[in-house]
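# A structural walkthrough
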Amino acid sequence: ERCFVAELPGSELVYFTCSRSAPLGAAALRPRGFLPPPGRCYSFCIPPAQSPRERVRAARLHGQLQQRLSRAPLGAGARVLPLLSYSPADAAAPEPGFLVQATQAAAEAERALEELLRLHLPAPVHLSVYEEAADGQVWRTLWRLQGAPEGKELLGRVRVLPAPEPLSHPAAAHLLGAAVFGSREAARGVLEECTSLIPEAKAVLDLVDKCPKLPKKGDFPVIVIEGLDATGKTTVTQSLRDSLGAVLLKTPPSCVSQWRKTFDDEPTLVRRAFYALTNYIVASEIAKESTKSPVIIDRFWHSTAAYAIATEISGKVLNLPPLHHPVYCWPEDLLKPDVVILLTVSPEERIRRLQERGIEKTREEEELEANRFFHQKVEGSYRRMENPSCELVDASGSREQVLEDVLHQIKKHFPLL
Ligand SMILES: Nc1nc2c(ncn2[C@H]2C[C@H](O)[C@@H](COP(=O)(O)OP(=O)(O)OP(=O)(O)O)O2)c(=O)[nH]1
Ligand SMILES: Nc1ncnc2c1ncn2[C@@H]1O[C@H](COP(=O)(O)OP(=O)(O)O)[C@@H](O)[C@H]1O
């Protein structure tokens, strides 16, 4: 039986399955949260890619659907929520999809949804409709949309039951290679598949291919400063450059900044491969510069991995892959820094600093609330990183205090600096 996990508002995960042979009296799925009044929601998945080449198209289709659903006339207050379909029995990658909660009279929402799916998903499309029946149970009606414009075939109606929460998040086992890349070749392969779809991909590949493989770190210290937006990375890295007479680098490097927006608009698979490759471009600069002076880097591989993990793992920080999961390990073929410092500040202090940076109040209030769980997952991922791990420095003090504490942490590794 396939199982499903949807992320409800507030980052609550609901695990459920649909079963023909549900033993009578089996625990019913609580409609609360899953079926907000007037109690109808829909789900559908993106057909899995049949080959590695198809995975870019499948990822882009998912991203395009996400955008179209957010603009579709599904009725005021309708919610489009992330859904994954997975099989607990096999190790196949989960199929991404959506759970759509319609709050208006369903007819118009259903028509709009069906029209959108017929237009943008390869036929046949399987659309699930969930309702609460008189018996207080949640039932799913499965439809196949195909053929003539109104071609719609009823495939069955079954009860929806809670599914046992798996040991780890269904996406965790598939992060490596789909969101976090353990090697330059793995990331390169994705951009190779994009060259016919995204012209800039070729330009990035040409830049990467000019970089030596496995560049060697020089004898001077290489120090990375990591942290969420507005934790003070830019301020600290510039002070470190001055006080240590170091070279300051950042990722992504300026030589790719003109393409960043293009890749930020792409789905995770492509976007992460882009960031991963830019880390390899900077690695060759680090190798060169660290033969002449200490090198400070503003964000490096840990940012790429932490933001990827936090994006792909729905729910809250407790849903992150467990400690020592391979997704937290530094790629063998990427130049390894000597020290990685993670700046941490409270969410409130971070918002105050975002404010100070001139981000208007409303946006960053939204940012705090909507993304609170996201930022907790990013920070949680940073803290699970190993080899090298992130060494925490509380960055909530004054600029002078933070610089002193960061220097103190660095001198533990390089007393003579
Ligand atoms: N550098 C970098 N940023 C990433 C990556 N993946 C996601 N991001 C996100 C983190 C931030 O939300 C956003 C901004 O990154 P940047 O550090 O380039 O810009 P900026 O220095 O203005 O952000 P900051 O406030 O200093 O963290 O990009 C990645 O692989 N590398
Ligand atoms: N220790 C600090 N105390 C107070 N404000 C700070 C401190 N460090 C940085 N800031 C301010 O907070 C904002 C974000 O700092 P910045 O260095 O740009 O962070 P990041 O690069 O991590 O986004 C800036 O306006 C900066 O002047």
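That block above? That's the structure.
Residues numbered from 1 in each chain as written. Chains lettered and ligands numbered in written order. Predicted model: local features only at pLDDT ≥ 70, side-chain atom pairs only at ≥ 80, totals over all residues. Heavy atoms only, no water.

K233, T251, R260, R299 and T304 are the nearest of the 14 residues found near ligand 1. A distance of 2.5 Å separates a nitrogen atom of ligand 1 from a polar backbone atom of T251. The separation between an oxygen atom of ligand 1 and a polar side-chain atom of R299 is 2.4 Å. Coverage of ligand 1 by the protein amounts to 83% of the 580 Å² it exposes when considered alone. For the shell around ligand 1, the secondary-structure elements that each account for two or more residues are α5 (233-244), α7 (268-289) and α8 (301-312). (Near = heavy atom within 4 Å. Polar contact = N/O pair within 3.5 Å; in protein donor to acceptor, adjacent residues only side chain to side chain. Areas by Shrake-Rupley, 256 points an atom, 1.4 Å probe, with all protein chains shown as cover. Helix = DSSP H or I, 4+ residues; strand = E, 2+ residues; numbered from the N terminus.)

Backbone torsion omega between A123 and P124 reads 0 degrees, so that peptide bond is classified as cis. Within the secondary structure layout, P124 lies in the loop between α2 (106-120) and β6 (125-132). Between N387 and P388 the backbone carries a cis peptide bond, its omega angle lying at 5 degrees. Looking at the secondary structure, you find P388 in the loop between α10 (361-384) and β13 (391-394). Despite not being glycine, L214 shows a phi value in the positive range, around 50 degrees. Despite not being glycine, R299 has its phi angle at roughly 70 degrees, a positive value. Structurally, R299 is set in the loop between β11 (295-298) and α8. A residue is classified by how much of its surface remains accessible, and R299, at 16% relative accessible area, is buried. (Buried < 20%, exposed > 50% of the residue type's maximum accessible area, 1.4 Å probe, protein only.)

Let us look at the sheet that holds strand β3 (residues 40-45). The antiparallel closed barrel is built from eight strands, whose spatial order is β1-β2-β8-β7-β6-β3-β5-β4. Within this sheet the neighbouring strands show an average axis-to-axis angle of 30 degrees, counted without direction. Note that strand β1 (residues 3-8) and strand β4 (residues 79-86) share four bridges and pair antiparallel. Note on β4: the bridge partner recorded for C3 is Y86. Where helix α1 (residues 52-71) meets the sheet, it contacts β3, β4 and β5 (95-102), and its direction lies at approximately 10 degrees from that of β5. (Pairing = 2+ DSSP bridges. Axes fitted to C-alpha atoms, helices over the stretch in contact; angles between N-to-C directions. Contact = heavy atoms within 4.5 Å.)

Let us look at helix α3 (residues 184-194). An α-helical turn contains 3.6 residues, so any two residues separated by three or four positions project in the same direction. For α3, every residue scored as buried is listed here: R184, A187, R188, V190, L191, E193 and C194. As for α3, its buried residues are in contact with α1, α4 (199-209), α6 (257-264) and α7.

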